[in-house]
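Structural characterization, general
So you can see what is in the structure, the chains are spelled out below.
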Amino acid sequence: MNAKPRLGVFKLASCDGCQLTLLGCEDALLALAERVEIAHFPEASSRTDAHGTFDVALVEGSVSAPFQLDELRSIRARSKRLVTIGACATAGGVQALRNGRDVREFIETVYASPEYISTLDASTPVSAHVAVDYELRGCPIDKQQLLEVITALLVGRRPEIRDESVCLECKRKGIVCVLVKRDEPCLGPVTHGGCDALCPTFDRGCYGCFGPKERAPTSALAARFARDGMVPVELVRRFRGITGGAEAFRTESDRHE
Amino acid sequence: MMLARRAQLERLFELAREGGRALIGPTVRDGAIVFAEIERVEQLPIGWRDVQSPGKYRLERRSDDAAFGHVVGPNSAKELFFAPSETLYRAERRPDGKLGFTAHKPPPTAKALIGVRACDLAAMRVQDRVFERSQFRDPQYGARRADTVVIGVHCTEPGSLCFCSSMGTGPRVTEGADLALAERGDELLVDALSPRGEALLAQLEATEASASDHAWLDAAMDASRARMGTAVDVRDLHERLYANLDHPRFAEVASRCLSCSSCTSVCPTCFCSNAVERSDLDGAASSRVREWDSCFTREHSTLHGHAVREQTSERYRQWITHKFGAWVAQFDSSGCTGCGRCIAWCPAQIDVREELAALTNNDRRTPLPSARSCDASQDETLVPRVAEVVSVARESGDVVTLRLRAEGFESFAPGQFSQLSLPAIGEAPISISGRDGAEVEHTIRAVGALTDALCKLEPGEQLGVRGPYGRGWPLDELAGGPVVVVAGGIGLAPLREALRRMIADPARFTDLRLFYGARTPDDLLYAREMLGWVDRPGFRLYATVDRASATWRGHVGVVTRLLKRETVGDRARAIICGPETMMRFTVDALARAGVPHDRVWVTMERHMKCATGLCGRCQLGPYFVCKDGPVFRFDEVASLFGRQGI
Amino acid sequence: MAVDPSTLDAMPFLRRLAADARAELAAIATLEEHSAGAVLFREGDAPGAVFLVLEGRVTLTMRVGQREASVLSLGADELVGWSSLLARRRVATALISQRSRLLRIEASPLLELCERDARVGYAVMAQAFEDVSDRLVDTRMQLLDLYGKGASR
C-alpha cells in the first residue's frame, strides 16, 4: 500500500485562527488523519516534522517580515500542492492596512524597542511571491470549505468552491436582506461566498472577510451606500477591512479617501 | 361566490391542516412578510403592510387589522417545490469495487398554501411547465408539488413595484388555486375554483354572495389595476429584446449591476441550478447535491475553464433576454409574472421595468421560433445507472475509447451523448462514438479530473451513465444526395456512428466525403477503422493535420483548405463537428461552395451539465443545447453562433 | 519543357486573362514533373522561381532545431514560392510529397512581365494576395491550436 499523502500546516504573519478552524474539524479531523499523514501542524502538536516534502501544504498568514519570504519559498519548493488559507494568506490580511503608510512610524509608536523589529514595508499575500494552487478565503476560513479542498485534492478534482456572492447564500438560506430591509451597509453583493452567510444570518451586514468575488463592482455598491447617506470617510472604512488589501476593495476605499 | 365572516379563517386553517398538512402562508419574520409554515390565524401579518421601492422594503403598521393587506415578500412558493439545496443521490464504491447509486427522495409532506397572490399562482404554473411538462419531468419537484392545497387571495392593494396587470397574471385569482379569497373588513368573499375548493367551501359557514358583493370585487380589481405601478409594454417584447442584443443600454446597466444574483434568487420562476459532488472524507462515497444557481455567476457560463459570459453586461443580457424573451419560445409564456421582487430586492436599486423600456426603445423585432410542444414527457431522476467497462482502446496520447456494457441505449441515435460519472469526482456529458448491441462506445479526452479518471478505467471497472440524450444527426434528411462530413479533432467522435451507418448503406449514401482535421498525425482518431472505409465505393477520405514532421506525406493545413480544393457541389448536405471557430470557418467555406445554411448541421458546444434542460446552463437563445440539440441545423442557430457573450 | 498556352487555360485565375496575355505568360513558363521526395528549393535559398501546382502535392517544411517540421501542404491551383516575388530568400523548404506537375516561372521575367503588362500584373498579384490572405487566416487558426487541450470539446 502506498504511503499516505503528507500534509503540512504552516504559518506566516497571522493570528492562528485558520489553523484553529482545522483543529475545530474535530471528528472530521480524525477521519482526515486516516487518509493523510498530518506531518506538521504546530497549532495541534509540538511533535511535528517541518522538513521533507509535502503533498499538500496549507499556508496561513501573509508575508510581513523578511524571514517569512525565505520560509515560504522553501515550503513551495517542497510541496506538490500549496493551498493558502484565510484572508491574510490570500489578501494580506488586516495587517495590510499598513501598506502605503509609514511603517517605521508605526513601529516606533507601538514597540518599546523598535530596533528588534524586522519587517517589510508591506504585508502581502502568498500569491505575490510564489505560485499558489488554491486560495481558500475567509477570516477565518470555513470548515466545510477546508474539508472540501482537502478531499477534492485527494481525489484529484477541482474543489467545488464557487466564486459567487454572499447574496446567493443568503437567498438559499432564506435570510431577509439586511441592506434592502433597513439600509444596513452590507458587502455581501460584492463578496465571495463560503461563510454560509454567517453575518446576515445574525441580522448583520457582511463586512467582506472572504474578499471580493469575481466581478466585484464595488463602485455600484458604494453608490448605493452613498444614496443611503454614507459619508466618504465611512465608505473608506467599509472597504478597508480585513480584506482591504484585495485589489477591488483597496481601489474602492482609495477612491473615497 | 360566497360570503363569510373573516373569523371563518380559523375554520379554514383547521381544514387546510387536516391530515397533517403543513400550512404555509405569509407571516412577519425578520423584518419582512415571508412565506413560511404557520399554524394559527394570528400568525398572519395582521395589521401590517409592506412598502416597497427599488432596493428598499419596509414594514409599516396599517390603520386597520387586515390580514392580507400586503403584497409579496422576499420568498415565494418556489423554495417549497424547487429546493434551494437538495441531495439528488448518493454514490458509493463498495469494497469489491462495484458502484451503487441510490436516489434520494424528498420526504412526502403534503402542503397547503394560503394567501398566494395571482402573480405567484402564475409563477407556480410557470414552474410546473418547466419541471413537469417539459421533455423531462423532475420527480423531486413533482414529489413536493403533488397534492398541494392552494388558497389564493385577490390582490386589492398592489404595491408600487407591482406590474402583474401588464404581464396578464393578476390581480384577480382566476386559476391555479382551489379557493380564492378577498378580504373586506371583517368579511371574506370566497370563490371555489376546483372540486377540492368546493369541498372546502362547503365546510365553511358562508352565505351566497350578493350581486353587490360581486360588483364590489369587480370594482376592487379595477381599482387595483389602476393603482398598479409603472406598466410594461409586453407586445412582442421577446422579439423586441432579441432585436436589441447589442443595445448600448446593456453596458450602461452593467455599470450599476452588482452581478450578485439577488434578482434571480428572489424570482419565483428562475430555475437555474448547479449540481456538485460532495465527497465523503474517506473518498469512497459522495452525494450529488443540486443547488440554486444564477446566470449572474461566472461558473454558470463556464465552458472548458473559460467563462462564456465574462462581462456583467453579457450576464444581464442573458437574464433579461431569457426571462422576457427566450422563455416565450421555450415554455410558451413569459418567465415574468410582474411580482416586482427583482426590483425590491436588488441591492443596486435597478428597476427592470425601466431597463425593458430603455432596451426596446425602437421598432426593431427579431422573430423567435414558436415553442415546441412536449407531449413525450418522461421522468428523469438524474440518477446514473451502473455501466461496466468491456474494453479500452487507446486512440492517441490522451484520448481513449471506452466500450461499455450499459442498458438503456436501445433508442440511441448517432450524435447523441451520455452523462458519464464517477463517485466523488463528478459527471460530464460525453458524446457517444458508437453502439453495438448492448455495448456503447465513448471516446474521451483527458482534460480534467473526471476525464482523466475515466481515461484510466480498466476493463471490468464500473462507472455511472445516464442517457442517451439530445437530438442526433438527421441521417434521413442526408440520404439521397452527396454528403460532406467535416470533423475537427475529437469532433470525429460524435460523427463516427453516423459515418458507420452511412458507409454501411451505400444505396442511400452514394457520395460520401469525410474531411477530417487533427492536430498531428498521431492525433488522428480511428485511423485503422477509417482505412477500412476507403475501399467502399463512393466514399472519399481527406485527412489533414495542423503540424507534422517532414516524413508525413499527407495534407498539412486546416480542414477548410481541403474543402476549398474540392468541388463540393451545391446539392451537398453537410454535417460538422469540431471547435466553434473551426465550424464557423467551415460553414463559410461551404456557403462559398454553394451549400446554404439550411443544408448544414452542426453540433454545439455549450456548458451542458444536467442534460435535461433544467439546470439552465446550456441555454442558447430559444434553445437548450442539451435537449434541443446538440445537433442543430445551422440556420436555426446562425444568428447566435459564435457571438461573444451569448 | 515549354508550355502550351492551353495549359494555362486550366488555371482558374488565369482564365480571366485575355488570350494574348496568357500567351505572354506561357512564353516564360516551363512545365515540370517531380516525383515524391524531390526538393524544389530550401529554406534560406536565394529567391528564384515561383510555381503553380497543376496536380500533386508540395509540402512546405521549416527547420526547428534539429527537426524538419511540415507547416503546410499545397495542391492543385495553389501557388508555391511567392516570397520570390518580393525578392526575398526562401522562408521554407518546398518538398514534393506526392508526384506533382508544376508550372515554373522565374521571378525576374515574371516581375518584368507584370511591370510591362498591367493585366498580367494585376492577375498575378491578385492571386498572390488571395493565396497569402488565405494562408494568413489558416495560420491564425493553426496558432489558435483549436484541437489542443482546453480549446476543443
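Residues numbered from 1 in each chain as written. Chains lettered and ligands numbered in written order. Predicted model: local features only at pLDDT ≥ 70, side-chain atom pairs only at ≥ 80, totals over all residues.

**Re the overall build of chain A**
Short version of the rule: A run of DSSP states H or I qualifies as a helix once it reaches four residues; a run of E qualifies as a strand once it reaches two. Both are numbered from the N-terminal end. Just to be clear, the radius of gyration here is over C-alpha atoms, and the globule rule we use is 2.2 Å times residues to the power 0.38. To assign burial, the other C-beta atoms lying within 10 Å of each residue's own C-beta are counted, with C-beta atoms placed from the backbone; 20 or more indicates buried, 12 or fewer indicates exposed, and intermediate counts indicate partly exposed. Distance between backbone-placed C-beta atoms decides contact: two residues are in contact if it is within 7 Å.
Per the secondary structure count, chain A includes 12 helices and 5 strands. The globule rule puts the C-alpha radius of gyration for 257 residues at 18 Å, and the 19 Å found for chain A is close to it. Dimensions of chain A along its principal axes, counting C-alpha atoms only, are 60 × 50 × 25 Å. Counting across all 257 residues of chain A, residues that qualify as buried make up 51%. Pairs at least 24 apart in sequence give 70% of the contacts found in chain A among residues at least 6 apart.

**So, the overall build of chain B**
Tallying secondary structure elements over chain B gives 21 helices and 34 strands in all. Computed over the C-alpha atoms, the radius of gyration of chain B is 28 Å, within 12% of the 26 Å expected from 2.2 N^0.38 for a compact globule of 646 residues. When its C-alpha atoms are laid out on the principal axes, chain B stretches across 90 × 60 × 45 Å. Taking all 646 residues of chain B together, the buried fraction comes to 53%. Restricting to contacts in chain B with at least 6 residues of sequence separation, those with at least 24 account for 72%.

**With respect to the sheet that holds strand β3 (residues 32-37) of chain B**
Residue and element names in this part refer to chain B. So the rule is basically this: Two strands qualify as a pair provided that DSSP identifies no fewer than 2 bridges between them. Angles run from 0 to 180 degrees between N-to-C directions of axes, and those axes are lines fitted to C-alpha atoms, restricted for helices to the stretch in contact.
Strands sit in the order β3-β2-β8-β10-β11-β12-β1-β13 across an open sheet of 8 strands; the sheet is mixed. For this open sheet the edge positions go to β3 and β13 (206-208), each flanked by a neighbour on one side alone. Taken over all neighbouring pairs, the strand axes of this sheet differ in orientation by 30 degrees on average, direction set aside. As judged from the 5 bridges shared by strand β8 (residues 111-117) and strand β10 (residues 149-153), these two strands associate in the parallel manner. When the bridges of β10 are listed, Leu113 appears paired with Val150. Sheet strands touched by helix α7 (residues 211-227): β1 (2-5), β11 (179-184) and β12 (187-192). Its angle to β11, the strand with the most contacts, is close to 90 degrees.

**Observations regarding the nonpolar core**
Selection rule: The term nonpolar core refers to a set of buried Ala, Val, Leu, Ile, Met, Phe, Trp, Tyr and Cys residues connected through C-beta atoms within 7 Å.
Core analysis: the largest hydrophobic core is formed by 284 residues, its most contacted members being Val59 of chain A together with Ile151 and Val485 of chain B. Top contributing element to this core by residue count: helix α3 (residues 118-132) of chain B, with 9 residues. Once you skip the residues sitting within four places of it in the chain, Ile151 of chain B turns out to touch Ala16, Leu113, Ile114, Val116, Ala177, Asp178, Leu179 and Leu181 of chain B.

**A few points about the interface of chain B and chain A**
So the rule is basically this: For this scheme, ten residues count as nonpolar: Ala, Val, Leu, Ile, Met, Phe, Trp, Tyr, Cys and Pro. Four count as charged, namely Asp, Glu, Lys and Arg, and the remainder, Gly too, count as polar.
Opposite the 45 residues of chain B that make contact, chain A presents 36 residues. Taken together, the residues of the side of chain B that touches chain A break down into 20 nonpolar, 16 polar and 9 charged.

**A short note on the pairing of strand β6 (residues 93-106) of chain C**
Residues and elements named next belong to chain C. Across 6 bridges, strand β1 (residues 29-34) lies against β6 in antiparallel orientation. From the neighbouring strand, Ala29 faces β6, where its bridge partner is Ile105. As paired elements, strand β2 (residues 39-41) and β6 share 2 bridges and run antiparallel to each other. Bridge assignment links Phe41 to a residue of β6, and that residue is Ala94. As paired strands, strand β3 (residues 49-64) and β6 are joined by 11 bridges and run antiparallel to one another. Bridging across to β6, Val53 finds its partner in Leu102.

**Some thoughts on the domain arrangement of chain A**
Residue and element names in this part refer to chain A. We count it as follows: Where each domain begins and ends is defined by an automated method or by a domain database.
Per the domain assignment, the segments of chain A are domain 1 (6-155) and domain 2 (166-255). Computed from C-alpha atoms alone, the centre-to-centre distance between domain 1 and domain 2 is 25 Å. Counting residues at the interface gives 15 residues for domain 1 and 13 residues for domain 2. Tallied by class, the residues present in the side of domain 1 that touches domain 2 amount to 6 nonpolar, 7 polar and 2 charged.

**Regarding the sheet that holds strand β29 (residues 555-556) of chain B**
All names here are of chain B. Spatially, β29-β27-β26-β25-β30-β31-β34 is the arrangement adopted by the 7 strands of the open sheet, whose pairing is mixed. In the strand order of this sheet, the two ends are held by β29 and β34 (631-633), each with one partner. Where strand β26 (residues 512-518) meets strand β27 (residues 539-545), 7 bridges bridge the pair, whose relative direction is parallel. Residue pairing for β27: Leu514 is matched across the bridge by Leu541.

**Some details on helix α4 (residues 118-143) of chain C**
Our working definition: What a helix is expected to span follows from its residue count: subtract one and scale by 1.5 Å.
For α4 of chain C, spanning 26 residues, the distance from its first C-alpha to its last is 36 Å, which sits close to the expected 38 Å at 1.5 Å a residue. Within α4 of chain C, burial applies to Val120, Ala123, Val124, Gln127, Arg135, Met141 and Gln142 of chain C. Looking at the buried positions of α4 of chain C, the neighbouring elements they touch are α19 (580-592) of chain B together with α2 (19-27), β4 (67-74), β5 (79-80) and α3 (107-116) of chain C. One or two positions beyond α4 of chain C, positive phi appears at Asp145 of chain C, with a value near 50 degrees.

**Some thoughts on the domain arrangement of chain B**
Interface size is commonly expressed as the accessible area that is lost once the parts come together. Segmenting chain B into domains produces domain 1 (2-227), domain 2 (237-359), domain 3 (384-469) and domain 4 (476-603). One C-alpha centre belongs to domain 2 of chain B, the other to domain 4 of chain B, and the line joining them spans 38 Å.

**Considering the packing of helix α10 (residues 218-227) of chain A against helix α11 (residues 232-239) of chain A**
Residue and element names in this part refer to chain A. Applied cut-off: These descriptions rest on fixed angle ranges, namely under 35 degrees for roughly parallel, over 145 for roughly antiparallel, 65 to 115 for roughly perpendicular, and the rest for oblique. The handedness criterion is simple: a crossing whose near helix is rotated anticlockwise from the far helix by less than a right angle is left-handed, and one whose near helix is rotated clockwise is right-handed.
Taken N-terminus to C-terminus, the directions of α10 and α11 make an angle of 135 degrees; their axes are 11 Å apart at the nearest point. By the angle class used here, α10 and α11 are oblique. In the packing of α10 onto α11, the handedness of the crossing is right-handed. Contacts between α10 and α11 involve Thr218, Ala222, Phe225 and Ala226 from the first element and Leu235, Arg238 and Phe239 from the second.

**Details of the interface of chain B and chain C**
Taken together, the contact pairs 28 residues of chain B with 27 residues of chain C. Within the residue set of the side of chain B that touches chain C, elements represented by two or more residues are β28 (548-549), β29, α18 (559-565) and α19 of chain B. Element by element, the count of residues in the side of chain B that touches chain C is highest for α19 of chain B, at 3 residues. Its residues placed into classes, the side of chain B that touches chain C shows 11 nonpolar, 9 polar and 8 charged. Two elements, β28 of chain B and β4 of chain C, share 2 bridges in a ladder whose sense is antiparallel. In the sheet register, Ala548 of chain B faces β4 of chain C, and the bridge partner there is Ser70 of chain C.

**Let's talk about unusual backbone geometry**
Look at the link from Gly170 of chain B to Pro171 of chain B: it is a cis peptide, with omega at 5 degrees. Mapped onto the secondary structure, Pro171 of chain B falls in the loop between α5 (164-167) and β11. Cis rather than trans, the peptide bond between Gly467 of chain B and Pro468 of chain B has omega equal to 5 degrees. Even without being glycine, Ala197 of chain A reaches a positive phi, approximately 50 degrees. Structurally, Ala197 of chain A can be placed in the loop between α8 (178-182) and α9 (198-201). By C-beta crowding, Ala197 of chain A is classed as buried, having 21 other C-beta atoms within 10 Å. The backbone phi angle of Asp203 of chain A is positive, close to 60 degrees, even though this residue is not glycine. Along the polypeptide, Asp203 of chain A turns up in the loop between α9 and α10. C-beta crowding within 10 Å serves as the criterion here: with 14 such atoms nearby, Asp203 of chain A is assigned to the partly exposed category.

**Here we look at the environment of Val166 of chain A**
Residues and elements named next belong to chain A. Checked against the element boundaries, Val166 lands in helix α7 (residues 166-173). Along the chain, Val166 and Phe210 lie 44 residues apart, while their C-alpha atoms are 9.3 Å from each other. In contact with Val166, other than residues within four places in its own chain, are Gly188, Thr191, Gly193, Ala197 and Cys206.

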